Amino acid sequence: MTTTARRVAPALENTAVTSFPPRFTWGTATAAYQIEGAASVDGRTPSIWDTYSHTPGMVRNGDTGDVATDHYHRWREDVEIMADLGVSAYRFSLSWPRVQPTGRGPAVEKGLDFYRALTDALLEKGIEPVVTLYHWDLPQELEDAGGWPERVTADRFADYAALAARALGDRVKTWITLNEPWCSAFLGYGSGVHAPGRTDPVAALRAAHHLNLAHGKAVQALRAELPSRTRASVTLNVHHVRALTESAADLDAARRIDALANRVFTGPMLEGEYPQDLLQDTAGLTDWSFVRDGDTATIHQPLDFLGVNYYSPTLVSAATGDAGHNSDGHGASEHTPWPGADRVAFHRPPGNTTAMGWAVDPSGLYDLLLRLRADFPATPLMITENGAAFDDYVNPEGEVADPERIAYLHGHLSAVQRAIEAGVDVRGYFLWSLLDNFEWGYGYSKRFGAVYVDYPTGKRIPKASARWYADVARTGTLPDGGDGNRAVHR
């Protein structure tokens, strides 16, 4: 995967009515720990996020996912909301400790029954279930045994994938192995701003490899258990890395981050080998002897599409002592999630930002999609997450107006459509997120949802953006301009 490195491009301008391909998938997405709650119900045991969120000082305001949006008990209502919005697909994750509490052995049938009932209800409404096997909730017992830095965790994950396939394979046709393994490895074991909160750069690199290996073994398990029509994929938060200037030092900084953010996964997954510059950049930390003969062949499994999560570009330069990794948008820590890149500085791109402090820049998504087409022309793409957090509130009329989110979505969907026109094979788009939810280290302070959640009562209120997105999904077209005041209210 080659490095894209240049100055910040201007945001794409809105154009006239824009149409998407007739079979384009319109979806929305969630993650189990962020919405389900019911943390100790029906046999579920703690995940690393239960432990992390209950550790003082780790999550803003001491928030936990114990209740979240109570989706475990309110899932019927949430399916009705999706049906009302007219989405054609719903991407959700299985809670590993709800299905297989210790990370080994037989499944808990009550846990599987929850997902069976959910998928049945989705199918009854004409909504395709898209299952993510792992969205960061490693069973705590597996972390106690060493977690992702240990090879055995990849074997446990393959067993879990087979178990899930046997239980839901008659209902689910599209499977995603991992969500954003970069976050699991480098935020979880490098900077410590995600569970399990460890801060060891070598452990982070080991975790990245074993997540890669887990992906490959899981794809093998899925294909062994399920019919040939089953689609298998992985979702990566592919960073669109830009250099602050065209200087050799800044371009090299972009190359280093591209290797750690992207090619550590796309290399073995899509090309069958780790990039040599990554191995050289990190040679002072590890000799990568944890990669065994045959591992990259196992990781390099045929995929039906690549899931792409995008929110904002990444802007870097060679470090000058006045900037550092705390400007990378991934949370503050004294420890870096970028092993071997100590002399790289991160910068906040100019322009408007979301409530997360992330730059609003649809051109980054457009450029990223063209790059992926150039690097992997035979691999179809799916936007599995895109969205924004803003400071939403319920007005006196009981409505939630969010014109900033509508403008954000319009700009990014326009970027997707332009990429399709340029020849990129993008099969669909999943809005993040269906519901406001537990936003990891930020607790409940950030709202990404198309549907507002009043946390004390659990009441759901579709925002203006939800109605706007419903119209886009129904018609397959973008309206002229991205003015949030033109959102349809029903």
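Residues numbered from 1 in each chain as written. Predicted model: local features only at pLDDT ≥ 70, side-chain atom pairs only at ≥ 80, totals over all residues. Heavy atoms only, no water.

## What about unusual backbone geometry?
Reasoning step 1: Put simply, Ala195 and Pro196 share a cis peptide bond, and its omega is 10 degrees.
Reasoning step 2: With respect to the helices and strands, Pro196 occurs in the loop between helix H8 (181–191) and helix H9 (201–225).
Reasoning step 3: With a phi angle near 50 degrees, Ala38 is a residue other than glycine that sits in the positive phi range.
Reasoning step 4: Inspection of the secondary structure assignment puts Ala38 in the loop between helix H1 (32–35) and helix H2 (48–53).
Reasoning step 5: We classify Ala38 as buried; its relative accessible area is 7%.
Reasoning step 6: If you check the backbone angles, Asp42 has positive phi at about 55 degrees while not being a glycine.
Reasoning step 7: Tracing the backbone shows Asp42 in the loop between H1 and H2. (Helix = DSSP H or I, 4+ residues; strand = E, 2+ residues; numbered from the N terminus. Buried < 20%, exposed > 50% of the residue type's maximum accessible area, 1.4 Å probe, protein only.)

## Thoughts on the pairing of strand E5 (residues 174–179)
Reasoning step 1: For E5, the buried fraction is high: 6 of the 6 residues fall into the buried class.
Reasoning step 2: Pairing of strand E4 (residues 128–134) with E5 involves 4 bridges; the strand directions are parallel. Each bridged residue has a counterpart across the sheet, and for Val130 the counterpart in E5 is Thr174.
Reasoning step 3: Two elements, E5 and strand E6 (residues 231–236), share 4 bridges in a ladder whose sense is parallel. Within the sheet, the bridge partner assigned to Thr174 lies in E6 and is Arg231. (Pairing = 2+ DSSP bridges.)

## Comments concerning the sheet that holds E6
Reasoning step 1: Sheet architecture is closed into a barrel: 8 strands sit in the order E2-E3-E4-E5-E6-E8-E11-E12, paired in parallel fashion. Taken over all neighbouring pairs, the strand axes of this sheet differ in orientation by 25 degrees on average, direction set aside.
Reasoning step 2: Strand direction decides the pairing type here: strand E3 (residues 89–93) and E4, joined by 5 bridges, are parallel. Residue Tyr90 lies in a different strand from E4, and its bridge partner there is Pro129.
Reasoning step 3: Contacts between helix H5 (residues 109–124) and the sheet are confined to E3 and E4, with E3 contributing the most and set at about 170 degrees to the helix.
Reasoning step 4: The strands touched by helix H14 (residues 403–421) are strand E2 (25–29), strand E11 (381–386) and strand E12 (426–432); relative to E12, the strand with the most contacts, the crossing angle is about 170 degrees. (Axes fitted to C-alpha atoms, helices over the stretch in contact; angles between N-to-C directions. Contact = heavy atoms within 4.5 Å.)

## Details of the pattern of salt bridges
Reasoning step 1: Inspection of the entire model under this criterion finds 36 salt bridges.
Reasoning step 2: Between Asp170 and Arg171 there is a salt bridge; the shortest N-O distance is 3.2 Å.
Reasoning step 3: Using a relative accessible area of 60% as the deciding quantity, one classes Asp170 as exposed.
Reasoning step 4: The partner of Arg256 in a salt bridge is Asp252, and the shortest N-O contact between them spans 3.4 Å. (Salt bridge = Lys/Arg side-chain N within 4 Å of Asp/Glu carboxyl O.)

## Here we look at helix H10 (residues 248–271)
Reasoning step 1: The first and last C-alpha atoms of H10 sit only 27 Å apart over 24 residues, clearly below the 34 Å expected at 1.5 Å per residue.
Reasoning step 2: Along H10, the helix axis deviates most sharply at Arg263, where the bend reaches about 55 degrees.
Reasoning step 3: Taking burial as the measure, the 24 residues of H10 include 18 buried ones, the bulk of the element.
Reasoning step 4: Residue Gly272 follows H10 closely and has a positive phi angle near 85 degrees. (Expected span 1.5 Å × (residues − 1). Bend = angle between axes of the 7 residues up to and from the residue.)

## Examining the nonpolar core
Reasoning step 1: In this structure, Trp49, Trp148, Phe157 and Val416 are the most contacted members of the largest nonpolar core, which totals 153 residues.
Reasoning step 2: Top contributing element to this core by residue count: H9, with 12 residues.
Reasoning step 3: Not counting residues up to four positions away in its chain, the partners in contact with Phe157 are Trp96, Leu133, Tyr134, Trp148, Thr177, Leu178, Ala214 and Ala218. (Core = buried A, V, L, I, M, F, W, Y, C linked by side-chain atoms within 4.5 Å.)

## Some thoughts on the UniProt feature "binding site: substrate" (unreviewed entry) in the protein
Reasoning step 1: Per the UniProt annotation, the sites labelled "binding site: substrate" (unreviewed entry) are Gln34, His135, Asn179, Tyr311, Trp432, Glu439 and Trp440.
Reasoning step 2: Along the chain, His135 falls in the loop between E4 and helix H6 (140–144).
Reasoning step 3: Among residues more than four places away in sequence, those in contact with His135 are Thr30, Ala31, Gln34, Arg91, Ser93, Asn179, Glu385, Trp432 and Trp440.
Reasoning step 4: As for its placement among the helices and strands, Tyr311 is situated in the loop between strand E8 (305–309) and strand E9 (314–318). (UniProt positions renumbered as here; feature names shortened; annotations may be inferred.)

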